[in-house]
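# Report on the structure
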Amino acid sequence: MKLPRFPKSPAQEPGNGSRTRQHNLFEAAAVYVSACAEDDQERIDEAAGWVSPEALSFGVSELACRAVIALARERDESPQTVARSLLGLPAA
C-alpha cells in the first residue's frame, strides 16, 4: 500500500479567509485511515487537508493504539501480540 504524503492544511495557508467547517483531528484520522484501507486517494487527500500534518499524525497514532487495544480485548491477547500479528511479524 502506497502511503500518501501529508499536504499542507488549508488552515495553514496565509490569507485563507474562507469559512470552511473545522474538522476534528480524530474525524480527519478516521476518514484518512479508512480511505487508505479502501485505496481512495480523493478521500485521503481531502482528510489530509482538514488538519495539520502533525495533528493528522497524532490522530492516526491514537486510532492505531485504540484499534490494537480493541482487537486485543476481542481476541483475549496482549496488545503486543496483536500489533505484531497485524504487521506480519513473528511472535516476540
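Residues numbered from 1 in each chain as written. Predicted model: local features only at pLDDT ≥ 70, side-chain atom pairs only at ≥ 80, totals over all residues. Heavy atoms only, no water.

Turning next to the overall build of the chain. Secondary structure assignment for the chain yields four helices and zero strands. Helices and strands in the chain line up, N terminus first, as α-α-α-α. Split into buried and exposed, the 92 residues of the chain put 23% on the buried side. Long-range contacts, defined as pairs at least 24 residues apart, comprise 54% of the intrachain contacts of the chain with a sequence gap of at least 6. Carbon and sulfur atoms make up 54% of the accessible area of the chain, which amounts to about 6700 Å² in all. (Helix = DSSP H or I, 4+ residues; strand = E, 2+ residues; numbered from the N terminus. Buried < 20%, exposed > 50% of the residue type's maximum accessible area, 1.4 Å probe, protein only. Contact = heavy atoms within 4.5 Å. Areas by Shrake-Rupley, 256 points an atom, 1.4 Å probe, with all protein chains shown as cover.)

Moving on, we get to the side chain of histidine 23. With respect to the element layout, histidine 23 can be found in the segment before α1 (25-37). According to the relative accessible area criterion, histidine 23 is buried, its value standing at 18%. Within the structure, the side chain of histidine 23 is placed 3.3 Å from the side chain of glutamate 27, a separation counted as a polar contact. At 3.4 Å, the side chain of histidine 23 and the side chain of tryptophan 50 are in polar contact. In this view, histidine 23 contacts Trp50 and Val51; residues no more than four positions away in its chain are not counted. (Polar contact = N/O pair within 3.5 Å; in protein donor to acceptor, adjacent residues only side chain to side chain.)

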